[in-house]
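# Descriptive analysis of the structure
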Amino acid sequence: MNKRLDKNITLFFISPAFIIVFLIVFFPLALSLYFSFTDYVLLEKDTGKLIGLNNYFNLINDQIFYRVLLNTVIIMSIAINVEFLLGLGLAVLVNRNFKGQKLYRTIILTPMMISPAVVGLNFKFLFNDLFGLFNNLLFLFRLIDKPIAWLIDPALAIFSIIITDIWQYTPFMMLILYAGLQALPREPYEAALVDGASSWQIFTKITIPLLRPVILIALTIRSLDIARLFDIIMIMTGGGPAHRTEVMGTYVFRLAIQDRMFGYGNAMAYISILITIAFVAYLFKQLKATKLER
Amino acid sequence: MKGRINIVVLGIILTIFLLFFTIPTIWIILTSIRDPNEINIIPIIWFPKNVTNINYIHAIFGYTGAAESRFLYYMFNSFLAASISTALALSIGTIAGYSFSRFRFNAKDKLFFILILVRAIPGISLSLPLLIFYNYLGLSDTIVGLALVYTALNTPFVTWMMSGFFDEIPKEIDEASYIDGCNTINAFTKVILPLTSHGLVATSIFIFLLSWNEFPIAFVLTTTLSSRTAPVGIFEFMSQFYIDWGGMAAASTLLMLPAFIFTYWVQKYIIRGLTFGAIKG
């Protein structure tokens, strides 16, 4: 085929995709960077002067900013570990043959297909101290004698968020790890069985190392998702009580929209974007490495 | 004997997992068919005594005395925004995916990185500059504006999903069709595209659900009946003084329906889509 023609067609085929992405994503992001250097306040005249890096300096001195980072680290470190362990267990179980296996997998998967906004609202109801399902179940089994204020207690609110995230995204972990298990080669297992290895040895010495690239991808994608967590927190607690569940997304919303400090909010938004780019760069390296291995 | 114990243990563990992942959803569905008087009382009533459709009537047609139901509009807006963006992103992304799969060009890696980045950018961060940009363009609080954002966010997704499906079709088929006298565009539309119809269906269901479920961008950009979507509008069952849990549960159930219907069919492809094509399901 004609090489020149090839090039023209390629250009013709990929340009619509890049035009819309640049127009609706990258141009606004450049705009956002500009706003982050201004003192723009929404609906107020005579604001929008360039003030250099002042917004970013203010963030460094902002106590809530550190609370936001700490909350993100807490949610990440607990939720991802639990999701990984539960997801791995489920993937191993589902990898065995049993009747109704596909239906079982489908039912387990539904949480991740539901809108996070709906999940957040529903869990707000389930965590309700008086009429909520969770407290009433705990009452039923006599585990508590007075209601727990899950979303109002400053120490507990973040755990309510974590439980919700675990409920919604363990299925995602299971799905990826299950796909990884399905793709593993047969030979090492046959060799190990011949050598008389126990099933635990096979699992830790063969399955886990072979699964490593898939595990890394799953963990990175989940970290990325938690770094941009917004929906369920906005709905369940709005970042409260006293910023105990505040994360980057909710803080951006609070600053830029609720408090109308648009310039300052965009600075916070930009930091969350930079963190995203760092995660994506790492993920990209992992994706390339797995592609090369195959 | 040992085998039988294993099966019993396996069954118990599988059941515990099943309960954990289904009870919250089942509880919401039960709440949606409960008499509103049975919801806010202590001790709670585990199984509805009077099954009723009143919550669905409230959710869809509004309350007696209310001038109109807003939620029906929100569902309609969600459907429009999701459908328009699915059609656009599918067309734009499929041809891009074909180029990624078939043609060699410089900077392919960098372009791929950009595509992943688009999918990963926090929606709330993107919504801030869009608010100003759309105000300037006159697109604020319109379905067209919202559909354009969803198109831009879903195009990368379609690109790598479809490029994966095209990779599975041997290049020899392209070459054979060239010999038969097709040009590149004919080979693509007449020969290759029909071969990926299952991929097209799975991809479109998937991006439809992503737009249908989207919250942060719609939360900032849509303010009135003319464009507010259902995941944002469902908030209105929580007024400052009273929360209508029954109406909320009925609306939630309606919003979850597409997920219930489609998960079974597309689960094979979910993995591929969510891992940026790295892991084939």
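Everything below is about the structure shown above.
To start, this report covers the structure provided alongside it. (Residues numbered from 1 in each chain as written. Chains lettered and ligands numbered in written order. Predicted model: local features only at pLDDT ≥ 70, side-chain atom pairs only at ≥ 80, totals over all residues. Heavy atoms only, no water.)

With that settled, consider the overall build of chain B. Check the secondary structure of chain B and you find 12 helices and zero strands. The secondary structure elements of chain B, listed N-terminal to C-terminal, are α-α-α-α-α-α-α-α-α-α-α-α. Counting only C-alpha atoms and orienting by the principal axes, one finds that chain B spans roughly 75 × 75 × 30 Å. Within chain B, the proportion of its 281 residues that are buried is 58%. Put simply, of all contacts in chain B between residues at least 6 apart along the chain, 71% involve residues at least 24 apart. Carbon and sulfur atoms form 68% of the exposed surface of chain B, whose accessible area is close to 12100 Å². (Helix = DSSP H or I, 4+ residues; strand = E, 2+ residues; numbered from the N terminus. Buried < 20%, exposed > 50% of the residue type's maximum accessible area, 1.4 Å probe, protein only. Contact = heavy atoms within 4.5 Å. Areas by Shrake-Rupley, 256 points an atom, 1.4 Å probe, with all protein chains shown as cover.)

Estimated volume of the second largest pocket: approximately 870 Å³. For the second largest pocket, the lining is made up of 21 residues, of which V92, N95, R96, Y189 and T207 of chain A are closest to its centre. If you list the elements that add at least two residues to the lining of the second largest pocket, you get α3 (63-94), α7 (157-182), α8 (187-194) and α9 (199-227) of chain A together with α1 (2-32) of chain B. For the lining of the second largest pocket, the leading source of residues is α9 of chain A, giving five residues. (1 Å grid on protein atoms, 1.4 Å probe; cavity = no way out; pocket = protein on both sides within 12 Å on 5 of 7 lines; lining within 4 Å. Points joined across faces, edges and corners; volume = space filled by probe spheres on them.)

The next subject is the interface of chain A and chain B. How large an interface is tends to be reported as the accessible area lost when its parts come together. Facing 96 residues of chain A, the contacting portion of chain B comprises 92 residues. Between chain A and chain B, a total of about 8800 Å² is buried, with carbon and sulfur atoms accounting for 84% of that surface. Three residues stand out in chain A for area buried against chain B, namely F13, M113 and F125 of chain A, and they jointly supply 9% of the buried area on that side. Taken together, chain A and chain B are joined by zero salt bridges. (Buried area = accessible area lost by both parts, 1.4 Å probe. Salt bridge = Lys/Arg side-chain N within 4 Å of Asp/Glu carboxyl O.)

Quick look at the environment of L11 of chain A now. Residue and element names in this part refer to chain A. Within the secondary structure layout, L11 lies in helix α1 (residues 3-35). L11 sits in the exposed class, given a relative accessible area of 57%. Along the chain, L11 and L33 lie 22 residues apart, while their C-alpha atoms are 29 Å from each other.

Before going further, it helps to examine unusual backbone geometry. A cis amide bond links G240 of chain A with the next residue in sequence, P241 of chain A, at an omega value of -10°. Within the fold, P241 of chain A resides in the loop between α10 (231-236) and α11 (248-258). Positive phi is not limited to glycine here, since D141 of chain B has a value of about 60°. The topology assignment puts D141 of chain B in the loop between α5 (123-137) and α6 (143-167). The buried category is assigned to D141 of chain B, whose relative accessible area is 16%.

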